[in-house]
Amino acid sequence: MKLPVLPASSFGKDFLWGVATAAAQNEGAYNIDGRGLSIWDSFSRRKGKIQGGAKPYEACDFYHRYKDDLMLVKALGFSVFRFSISWSRILPDGMGRVNKEGIAFYHRLIDECLALGLTPFVTLYHWDLPQALEKEGGWTSHSLLRWFTRFVTLCAEEYGDKVKHWIVLNEPMGFTSLGYMLGRHAPGRTGLNNFFPAIHNAVLAQAEGGRLLRHYVKDAYIGTTFSCSEVMPYTDKEDDIKAAQRMDILLNRLFVEPALGRGYPHNDFPLMDKLYLHTKAWKYTERMQFNFDFIGIQNYFALTVKHNPLIPYVQASEIKAASRKVPHTAMGWEINADSFYRMLKRFWMYGSVKEIIVSENGAYFKDELKNGVVNDVQRIDYFQQYLAAMYKAKQEGANIKGYFTWTLTDNFEWAEGYKARFGLVHIDFKTQLRTIKNSGYWWRDFLKQ
Ligand code: GAL
């Protein structure tokens with residue numbers, strides 16, 4: 001994608017520019033002021049699950065440093081701050097007893113955002129289920145919706161007067177596939193017996209969360225997020241094309257289509273037929289749907305796959321960007337702004353999507369802190385390409401209302417521990433010292449225009 005020299009103002013006066021963060025990745029303070037454990041605290045204790053044996057216990061210590069970090073958001077020129085609420089901080093057992101100190105923390109955080117003129121944009125669920133609920137079956141349990149209703153209602157009633165911008169779930173494909181099918185993320189479960197009920201509960205929870213927010217929060221702007229990645233076949237052989245189609249259904253259609261009232265995308269893919277039958281999905285089409293004000297699109301990579309009969313169900317395997325010698329991040333993820341443009345257009349083409357917010361986009365590169373400077377030119381280049389792609393999609397009619405970078409500071413990057421750094425601000429995790437990277441300064445200058 002060619003880089004236009006565009007000022008931020010060309011996206012429109014009301015365009016939302018934000019940074020996105022998540023409680024489990026930033027807050028730390030895992031056992032302070034009455035917080036209960038989350039599945040990530042427990043999962044990180046299992047040998048070999050997290051790079052370097054890292055724990056999310058302290059993370060960025062955002063719990064204590066939120067004022068300084070919000071000052072950074074402000075200094076970089078963003079007007080929106082996306083964060084999530086740690087379920088086990090406000091309901092240590094997942095249900096029942098409310099932790100007043102946890103409730104008070106989010107009031108302080110929201111008040112500080114408002115005092116600084118930052119719009120608080122709240123994610124209800126960003127992957128950190130209370131461990132107490134995981135013991136009862138977690139996302140696979142029949143009780144999940146009841147637990148979730150309690151959590152959402154509490155958040156809406158507590159914060160709904162001050163917070164108007166809400167996201168129900170962060171990337172349901174991410175936490176159900178990695179956490180309940182592949183076992184690479186918390187809670188580390190595997191197999192279809194876990195995956196199917198987790199998918200179905202997440203699909204119902206995203207719609208139900210929307211309904212609850214609509215009911216409890218006056219004038220709420222309600223959305224939920226979906227990860228997306230364009231999937232390309234390695235060759236134009238029919239087998240490869242079909243493999244790419246199956247992967248595409250899983251990665252790009254499984255969660256958004258039920259939300260839009262289309263039910264599960266179950267034709268042409270035996271695994272999805274199974275899901276359809278297993279969940280008796282036809283009974284739920286209406287309950288799986290909610291008329292969201294916006295959908296959040298999160299994009300990190302494009303995929304190329306080829307047919308591989310050895311891979312269960314999807315029968316496709318990835319041909320890594322490095323082996324294809326195409327540009328990629330330190331995560332190994334293909335950099336492909338054109339594919340981002342195509343995905344934005346594609347989600348818009350559903351027709352029933354009212355507004356799109358790019359609720360996460362960003363990259364990990366091997367940053368070096370030298371004499372107090374992180375000159376992360378690759379990240380700057382990445383943002384320029386992706387913003388240009390977004391501009392093009394918007395110009396061509398996709399109703400894109402905002403863009404959030406992932407993320408403010410380096411943080412606890414799930415199974416990658418503290419190694420994979422996505423922040424605009426570098427953190428020395430021994431001292432918690434923050435250093436704005438050159439990409440952070442680039443954003444400041446971009447947003448100033
Ligand atoms: C997203 C996730 C974020 C962050 C990011 C970078 O899928 O929502 O929490 O970790 O990926 O890997």
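To start, this report covers the structure provided alongside it.

### Structural notes on the sheet that holds strand β8 (residues 303-307)
Then step 1. Strand order in the open sheet made by the three strands is β6-β8-β9, with mixed pairing throughout. Looking at which strands have only one partner, the edges of the open sheet turn out to be β6 (231-233) and β9 (316-318). Direction aside, neighbouring strands of the sheet carry axes that sit 40° apart on average.
Then step 2. Running over the sheet, helix α10 (residues 238-253) touches β6, β8 and β9 and is turned about 130° from β8.

### Some words on the packing of helix α3 (residues 62-75) against helix α5 (residues 100-116)
Then step 1. At a minimum axis distance of 10 Å, the contact between α3 and α5 shows a crossing angle of 15°. Regarding the angle of α3 to α5, the classification is roughly parallel. Handedness of the crossing formed by α3 with α5: right-handed. Of the residues in α5, those in contact with Phe62, Tyr63, Tyr66, Lys67, Leu70, Met71 and Lys74 of α3 are Glu101, Phe105, Arg108, Leu109, Glu112, Cys113 and Leu116.
Then step 2. Residues belonging to the contact of α3 with α5 are distributed by class as follows: nine nonpolar, no polar and five charged.

### Points about α10
Then step 1. Under the 1.5 Å per step criterion, the end-to-end length of α10 is 21 Å for 16 residues, consistent within 8% with the ideal 22 Å.
Then step 2. Among the residues of α10, those classed as buried are Asp240, Ala243, Ala244, Arg246, Met247, Asp248, Ile249, Leu250 and Asn252.

### A short note on the environment of valine 122
Then step 1. Within the secondary structure, valine 122 is located in strand β3 (residues 119-125).
Then step 2. Residue class for valine 122 comes out buried when judged on its relative accessible area of 1%.
Then step 3. Taking C-alpha positions, valine 122 is 9.5 Å from alanine 22, a pair spaced 100 residues apart along the chain.
Then step 4. Other than its neighbours up to four places away in sequence, valine 122 contacts Phe83, Ile85, Val163, His165, Trp166 and Ile167.

### Examining the site of the ligand
Then step 1. Close to the ligand lie 13 residues; Gln25, His126, Asn170, Glu171 and Glu413 are nearest.
Then step 2. The side chain of asparagine 170 places a nitrogen or oxygen atom 2.8 Å from an oxygen atom of the ligand.
Then step 3. Between the ligand and the protein, one listed contact pairs an oxygen atom with a side-chain N or O atom of tryptophan 414 at 2.9 Å.
Then step 4. With the chains in place, 95% of the 310 Å² that the ligand exposes on its own is no longer accessible.

### Observations concerning the pairing of strand β4 (residues 165-169)
Then step 1. Across the five residues that make up β4, a large majority, five, are buried.
Then step 2. As defined by bridge partners, β3 adjoins β4 across four bridges and the pair is classed as parallel. Bridge pairing links phenylalanine 121 to histidine 165 in β4.
Then step 3. For β4 and strand β5 (residues 221-228), the ladder comprises three bridges, and the chain directions are parallel. Directly across from histidine 165, in β5, lies its bridge partner tyrosine 221.

### Considering the packing of helix α7 (residues 144-159) against helix α9 (residues 192-216)
Then step 1. Taken N-terminus to C-terminus, the directions of α7 and α9 make an angle of 30°; their axes are 10 Å apart at the nearest point. Comparing the axis directions of α7 and α9 gives the class roughly parallel. Crossing geometry of α7 relative to α9 is assigned as right-handed. Taken together, the residues of α9 that come into contact with α7 (itself represented by Leu144, Leu145, Phe148, Thr149, Val152, Thr153, Ala156 and Glu157) are Asn201, Leu204, Ala205, Glu208, Gly209, Leu212, Leu213 and Tyr216.
Then step 2. Partitioning the contact of α7 with α9 into residue classes produces ten nonpolar, four polar and two charged.

### Points about unusual backbone geometry
Then step 1. Proline 187 follows alanine 186 through a cis peptide bond whose omega is 5°.
Then step 2. Residue threonine 407 follows tryptophan 406 across a cis peptide bond; omega there is 10°.
Then step 3. For threonine 407, the location among the structural elements is in the loop between β13 (400-406) and β14 (425-428).
Then step 4. The backbone phi angle of alanine 29 is positive, close to 45°, even though this residue is not glycine.
Then step 5. Take alanine 29: it is sitting in the loop between α1 (23-26) and α2 (39-43).
Then step 6. Although it is not a glycine, aspartate 219 adopts a positive phi angle of roughly 60°.
Then step 7. Under the relative-accessibility criterion, aspartate 219 is labelled exposed at 61%.

### Thoughts on the side chain of arginine 35
Then step 1. The topology assignment puts arginine 35 in the loop between α1 and α2.
Then step 2. What makes arginine 35 buried here is its relative accessible area of 11%.
Then step 3. At a separation of 2.9 Å, a polar atom in the side chain of arginine 35 contacts the main-chain carbonyl oxygen of tyrosine 30.
Then step 4. Looking at arginine 35, its side chain comes within polar contact range of the side chain of serine 86, at 3.4 Å.

### Some remarks on the nonpolar core
Then step 1. One finds Trp17, Trp139, Met390 and Trp443 to be the most contacted residues of the largest nonpolar core, which totals 144 residues.
Then step 2. Per element, the largest residue contribution to this core is twelve residues, and it comes from α9.
Then step 3. Of all hydrophobic cores here, the second largest spans 16 residues; its members include Ala22, Ile167, Ile357 and Phe404.

Rules of the game
Residues numbered from 1 in each chain as written. Predicted model: local features only at pLDDT ≥ 70, side-chain atom pairs only at ≥ 80, totals over all residues. Heavy atoms only, no water. Pairing = 2+ DSSP bridges. Helix = DSSP H or I, 4+ residues; strand = E, 2+ residues; numbered from the N terminus. Axes fitted to C-alpha atoms, helices over the stretch in contact; angles between N-to-C directions. Contact = heavy atoms within 4.5 Å. Parallel < 35°, antiparallel > 145°, perpendicular 65-115°, else oblique. Left-handed = near helix turned anticlockwise from the far one by under 90°. Nonpolar A, V, L, I, M, F, W, Y, C, P; charged D, E, K, R; others polar. Expected span 1.5 Å × (residues − 1). Buried < 20%, exposed > 50% of the residue type's maximum accessible area, 1.4 Å probe, protein only. Near = heavy atom within 4 Å. Polar contact = N/O pair within 3.5 Å; in protein donor to acceptor, adjacent residues only side chain to side chain. Areas by Shrake-Rupley, 256 points an atom, 1.4 Å probe, with all protein chains shown as cover. Core = buried A, V, L, I, M, F, W, Y, C linked by side-chain atoms within 4.5 Å.

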